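Notes for the structure review
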Amino acid sequence: AQSVTQPDIHITVSEGASLELRCNYSYGATPYLFWYVQSPGQGLQLLLKYFSGDTLVQGIKGFEAEFKRSQSSFNLRKPSVHWSDAAEYFCAVGKASGGSYIPTFGRGTSLIVHP
Amino acid sequence: DAGVIQSPRHEVTEMGQEVTLRCKPISGHDYLFWYRQTMMRGLELLIYFNNNVPIDDSGMPEDRFSAKMPNASFSTLKIQPSEPRDSAVYFCASRNGISNQPQHFGDGTRLSIL
């Protein structure tokens, strides 16, 4: 069975600083990988996804993530954080099922941005 | 385009009462998922449907929980009888499985059982 680990429960950064959120997965085959963001009182919004191809993936809001098979990682990065990026971030891995996939989510990392 | 629509947004009720949560998926999406989010357990998949048919309900915590999808544009999650430990935010998500697109989430229903 697949699993996702987000080792950091909370991350605090200053506005304008760079950001990296860690995600490690366990899955026997080539995974489908996702990062979602959740603002308070809202549902999860997709930031970016990796299915195949280029291992560096660009997403919305200036985020990117890099798939590293050797490290079983899919870390999320942003070069300069804005106060509006404060939110909960979820990594997910998709398990193949009947020609499609079913995602499993990590526990999330809460991002706090200091002015 | 309209996103996934959930109702109600908030529900407060007393223990023992029946609770019904509703979801309208995005038109054309053939997968529908129900999740529960709590501080203790994170985001848990309860059940998912493909073409209105329940595929995996192994995440449904107890027989008090049931879910239906009578047609492609509507699903319900019912709790009967409700208990305080059912208090959580319940999310519905839908996806176009044919094109392997990612899930789209609704804004959730915040459920409080007193």
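Being a predicted model, the structure only gives us computed values, none of them experimental. (Residues numbered from 1 in each chain as written. Chains lettered and ligands numbered in written order. Predicted model: local features only at pLDDT ≥ 70, side-chain atom pairs only at ≥ 80, totals over all residues. Heavy atoms only, no water.)

Moving on, we get to the layout of surface pockets. In this model, the largest pocket occupies a volume close to 620 Å³. Considering the residues around the largest pocket, the lining is formed by 29 residues, among which A:Gln38, A:Glu88, B:Gln37, B:Thr38 and B:Met39 are closest to the centre. Secondary-structure elements contributing two or more residues to the lining of the largest pocket are β10 (87–97) of chain A together with β4 (31–38), β5 (42–50), β9 (88–95) and β11 (109–113) of chain B. Each residue belonging to the lining of the largest pocket can be placed in one class, and the counts come to nine nonpolar, 15 polar and five charged. Considered as a void within the structure, the second largest pocket measures approximately 420 Å³ in volume. Taken together, 19 residues make up the lining of the second largest pocket; nearest its centre are A:Gln2, A:Ile102, A:Pro103, A:Thr104 and B:Leu45. Secondary-structure elements contributing two or more residues to the lining of the second largest pocket are β10 and β11 (100–105) of chain A together with β5 of chain B. Here the lining of the second largest pocket takes five residues from β5(B), the largest share from any one element. Here the lining of the second largest pocket is composed, by residue class, of eight nonpolar, six polar and five charged. (1 Å grid on protein atoms, 1.4 Å probe; cavity = no way out; pocket = protein on both sides within 12 Å on 5 of 7 lines; lining within 4 Å. Points joined across faces, edges and corners; volume = space filled by probe spheres on them. Helix = DSSP H or I, 4+ residues; strand = E, 2+ residues; numbered from the N terminus. Nonpolar A, V, L, I, M, F, W, Y, C, P; charged D, E, K, R; others polar.)

Scanning the entire structure with this criterion turns up 20 aromatic pairs over all chains. Ring centres of A:Tyr32 and A:Tyr101 lie 5.2 Å apart, and the angle between their planes is 85°; this geometry places the pair in the edge-to-face category. Of the two residues, A:Tyr32 sits in strand β5 (residues 32–38) while A:Tyr101 sits in strand β11, which places them 69 residues apart along the sequence. With a centroid separation of 5.5 Å and 35° between ring planes, the pair formed by B:Tyr35 and B:Phe105 is classed as tilted. Placement of the pair is B:Tyr35 in strand β4 and B:Phe105 in strand β10 (residues 104–105), with a sequence separation of 70 residues. Overall, the relative accessible area of 1% leaves B:Tyr35 in the buried class. By relative accessible area, which is 11% here, B:Phe105 ends up buried. Just above the ring of A:Tyr101 sits the side chain of B:Arg95; from NZ or CZ to the centre is 3.9 Å. If you follow B:Arg95 out to its NZ or CZ, it ends over the ring of B:Tyr31, 4.7 Å from the centre. (Phe/Tyr/Trp six-rings, centres within 6.5 Å; stacked < 30°, edge-to-face > 60°. Buried < 20%, exposed > 50% of the residue type's maximum accessible area, 1.4 Å probe, protein only. Lys NZ or Arg CZ within 6 Å of the ring centre and 35° of its normal.)

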